[in-house]
Amino acid sequence: MLTNVKLVLGGARSGKSAIAERLVRAHPGPWWYVATAQAFDDEMRARIAQHVNDRGDGWVTTEEPLDLVGVLEAVSKTNIVLIDCLTLWLSNVLLGEYDLGSETDRLVSAISRTKAELVIVSNEVGMGLVPDNSLGRQFRDAQGRLNQAVAAQAGTVLFVAAGLPLVLKGEMPKVLQ
Ligand SMILES: Nc1nc2c(ncn2[C@@H]2O[C@H](COP(=O)(O)OP(=O)(O)OP(=O)(O)O)[C@@H](O)[C@H]2O)c(=O)[nH]1
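Below is a short write-up of the structure. As the structure is a prediction and not an experimental result, all values here were calculated from the model. (Residues numbered from 1 in each chain as written. Predicted model: local features only at pLDDT ≥ 70, side-chain atom pairs only at ≥ 80, totals over all residues. Heavy atoms only, no water.)

1. Observations concerning the overall build of the chain
1) Next: Regarding its fold elements, the chain presents six helices and seven strands.
2) Next: Listing every helix and strand of the chain by position from the N terminus yields β-α-β-α-β-α-β-α-α-β-α-β-β.
3) Next: Taking the principal axes of its C-alpha atoms as reference, the chain extends roughly 45 × 40 × 35 Å.
4) Next: By the burial criterion, 44% of the 177 residues in the chain qualify as buried.
5) Next: As displayed, the chain has an accessible area near 9,400 Å², and 54% of this comes from carbon and sulfur atoms.
6) Next: One finds the centroid of the 17 positive side-chain charges in the chain at a distance of 7 Å from the centroid of its 20 negative side-chain charges. (Helix = DSSP H or I, 4+ residues; strand = E, 2+ residues; numbered from the N terminus. Buried < 20%, exposed > 50% of the residue type's maximum accessible area, 1.4 Å probe, protein only. Areas by Shrake-Rupley, 256 points an atom, 1.4 Å probe, with all protein chains shown as cover. Lys, Arg positive; Asp, Glu negative; His and termini not counted. Charge placed at Lys NZ, Arg CZ, Asp CG, Glu CD.)

Rendered as C-alpha cells:
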C-alpha cells in the first residue's frame, strides 16, 4: 500500500477538487497541478480560468490530457503532485480510441512506481441510471475499474459528497480534521 498516494473520489461539483487541494497544500510548496481537462468552448475556458485564479500562487501547472504516465515518470520524490482528474483522462483515452485496458494498466503501474506525494481526483460515476448507449456503458465500467485499481494501491481513499469527505480507506488526513 502506497502511503504517498491519496485518491479523492466524488460526483460532479461535490467539492472533491477543493478537498484535494487542501491535502496538497498541507505540504510545503511549490505544488504541481496536473490538469487533464481541455477547453473546447468558452464556458470551459472561463471555468478553467476561474480554477487558475482560485488556486492562486504557489502552483506549477501542467496541462496533459493523455500522457499521465509521462508526467509521473518526470516527477521526483520531492514533488507534491495533484492530478485532476482521472475521469477526463479516461474520457480522452476512450475518445482517442486507445486501448482502455492497457492504458489503465500502464497508468496504475506508473502510480505504483512514483515516489512523489500524489493526490489523485476521480469521479464516482456509477450511481445514476445505466447509460442508454454502449459508449456510455463502456466508460462507466472503465471508470469503475480504474477507481478500484487506484484505490487498491492508495494509502488513503476519500469519498466527497456535499463538500464533506468520508474516509473509505486509511485515516482522515489531519488537515481535514
Ligand atoms: N486545462 C486545465 N484544466 C484545469 C485547470 N485547472 C482546473 N482544470 C480542470 O478543471 C476540472 C475541475 O473543474 P470542475 O469541472 O469545475 O469541477 P467538478 O469536478 O465538477 O467539481 P468539484 O467536484 O467541486 O471539484 C478538472 O478536470 C481540471 O482538469 C487548468 O489550469 N488547466
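Moving on from the coordinates now.
2. Description of the pattern of salt bridges
1) Next: For the coordinates displayed, the defined rule picks out five salt bridges.
2) Next: With its nearest N and O atoms 3.6 Å apart, the salt bridge here joins Arg113 to Glu73. Note that Arg113 is positioned in helix α5 (residues 100-113) and Glu73 in helix α3 (residues 68-74), a separation of 40 residues in sequence. (Salt bridge = Lys/Arg side-chain N within 4 Å of Asp/Glu carboxyl O.)

3. Remarks on the side chain of Asn4
1) Next: Along the chain, Asn4 falls in strand β1 (residues 2-10).
2) Next: Note on Asn4: relative accessible area 12%, which makes it buried.
3) Next: Ignoring sequence-local partners within four residues, the contact set of Asn4 consists of Thr114, Lys115, Ala116, Glu117 and Leu118. (Contact = heavy atoms within 4.5 Å.)

4. Concerning the site of the ligand
1) Next: Close to the ligand lie 20 residues; Lys16, Ser17, His51, Glu63 and Asp84 are nearest.
2) Next: Between an oxygen atom of the ligand and a side-chain N or O atom of Ser17, the distance comes to 2.7 Å.
3) Next: At a separation of 2.5 Å, an oxygen atom of the ligand approaches a polar backbone atom of Asp84.
4) Next: In isolation the ligand offers 670 Å² of accessible surface; the protein chains occlude 91% of this area.
5) Next: When contributions to the shell around the ligand are tallied by element, the ones reaching two or more residues are α1 (16-25), β2 (31-35), α2 (42-55) and β3 (59-63).
6) Next: No other element matches α2, which puts five residues into the shell around the ligand.
7) Next: A breakdown of the residues in the shell around the ligand according to their chemical character gives seven nonpolar, seven polar and six charged. (Near = heavy atom within 4 Å. Polar contact = N/O pair within 3.5 Å; in protein donor to acceptor, adjacent residues only side chain to side chain. Nonpolar A, V, L, I, M, F, W, Y, C, P; charged D, E, K, R; others polar.)

5. Considering the environment of Asp84
1) Next: Note that Asp84 resides in strand β4 (residues 80-84).
2) Next: Residue classification places Asp84 among the buried residues on the basis of a relative accessible area of 12%.
3) Next: Taking C-alpha positions, Asp84 is 17 Å from Asn4, a pair spaced 80 residues apart along the chain.
4) Next: Those residues in contact with Asp84 that lie beyond four places of it in its chain are Ser17, Tyr33, Val34, Ala35, Thr36 and Val121.

6. Some points on helix α6 (residues 134-153)
1) Next: Spanning 20 residues, α6 covers 29 Å between terminal C-alpha atoms, matching the ideal 28 Å at 1.5 Å per step.
2) Next: For α6, the complete set of buried residues consists of Gly136, Phe139, Ala142, Gln143, Leu146, Asn147, Val150 and Ala151. The arc that holds the buried residues of α6, viewed along the axis, is 160°, so those residues lie on one side. The exposed set on the far side of α6, more than 90 degrees from its buried face, consists of Arg145, Gln148 and Ala152.
3) Next: Among the structural elements, β1, α4 (86-95), α5, β5 (117-123), β6 (154-161) and β7 (164-169) are those in contact with the buried residues of α6. (Expected span 1.5 Å × (residues − 1). Arc of directions from axis to C-beta.)

7. Topic: the sheet that holds β5
1) Next: Spatially, β3-β2-β4-β5-β1-β6-β7 is the arrangement adopted by the seven strands of the open sheet, whose pairing is mixed. The open sheet has two edge strands with one neighbour each: β3 and β7. Between one strand axis and the next, the sheet turns through 20° on average, direction left out of account.
2) Next: Docked against the sheet, α4 engages β4 and β5, running at close to 65° with respect to β5. (Pairing = 2+ DSSP bridges. Axes fitted to C-alpha atoms, helices over the stretch in contact; angles between N-to-C directions.)

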